Amino acid sequence: MARPATAFRFKDRIFGGKDGSMDQLFAVLGKWKDAVYIPPKIQQSTNHGGTFIFNGNDVVFAHYDESPGTHAYPSEAVDVAIREASK
């Protein structure tokens, strides 16, 4: 089920929010034009992901996708990874 956060994230991607633009989206989607995935169970169609960065056993970055399209900002994850790698 889509939530308001999904619509706002798409708005950011369409209108060039913090890290998004339609050019990036089209570049990625263009590679998947012939790919179709139908989950075996309807419950699997609502699985969400996340982005996690660890330093040893410590979680230094955690983002849980609230709904489709609400991924972590790549620049935030990269900044954390670089900061942790330079310690």
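Residues numbered from 1 in each chain as written. Predicted model: local features only at pLDDT ≥ 70, side-chain atom pairs only at ≥ 80, totals over all residues. Heavy atoms only, no water.

Caption draft 1: Highlighting the overall build of the protein chain. When helices and strands are counted, the protein chain shows three helices and two strands. Reading the helices (α) and strands (β) of the protein chain from amino to carboxyl end gives α-α-β-β-α. Contacts in the protein chain between residues far apart in sequence, at least 24 positions, make up 45% of those at least 6 positions apart. By element, 61% of the accessible surface of the protein chain is carried by carbon and sulfur atoms, the whole surface being about 6800 Å². (Helix = DSSP H or I, 4+ residues; strand = E, 2+ residues; numbered from the N terminus. Contact = heavy atoms within 4.5 Å. Areas by Shrake-Rupley, 256 points an atom, 1.4 Å probe, with all protein chains shown as cover.)

Caption draft 2: Region of the structure containing the pairing of strand E2 (residues 58–64). Note: strand E1 (residues 50–55) against E2, six bridges, orientation antiparallel. Note that in E2 the partner of Phe 54 across the bridge is Val 59. What sits between E1 and E2 in their antiparallel hairpin is a turn of two residues, with Gly 56 showing a positive phi close to 65°. (Pairing = 2+ DSSP bridges.)

Caption draft 3: Focus on the confidence of the model for the protein chain. Confidence in the prediction of the protein chain, expressed as mean pLDDT, is 78, and 72% of residues score 70 or more. At the low end of the mean pLDDT range in the protein chain sits helix H2 (residues 22–30), at 66; at the high end sits helix H3 (residues 74–85), at 95. (pLDDT = per-residue confidence, 0-100.)

Caption draft 4: Molecular detail of the environment of Ala 5. Among the secondary structure elements, Ala 5 is positioned in helix H1 (residues 4–15). For Ala 5, the residues in contact, after removing those within four places along its chain, are Glu 66, Ser 67 and Thr 70.

Caption draft 5: Quick look at the environment of Phe 61. Inspection of the secondary structure puts Phe 61 in strand E2. For Phe 61, a relative accessible area of 12% corresponds to the buried category. Beyond its immediate chain neighbours, meaning those up to four positions away, Phe 61 contacts Thr 51, Phe 52, Ile 53, Ala 72, Glu 76, Ala 77 and Val 80. (Buried < 20%, exposed > 50% of the residue type's maximum accessible area, 1.4 Å probe, protein only.)

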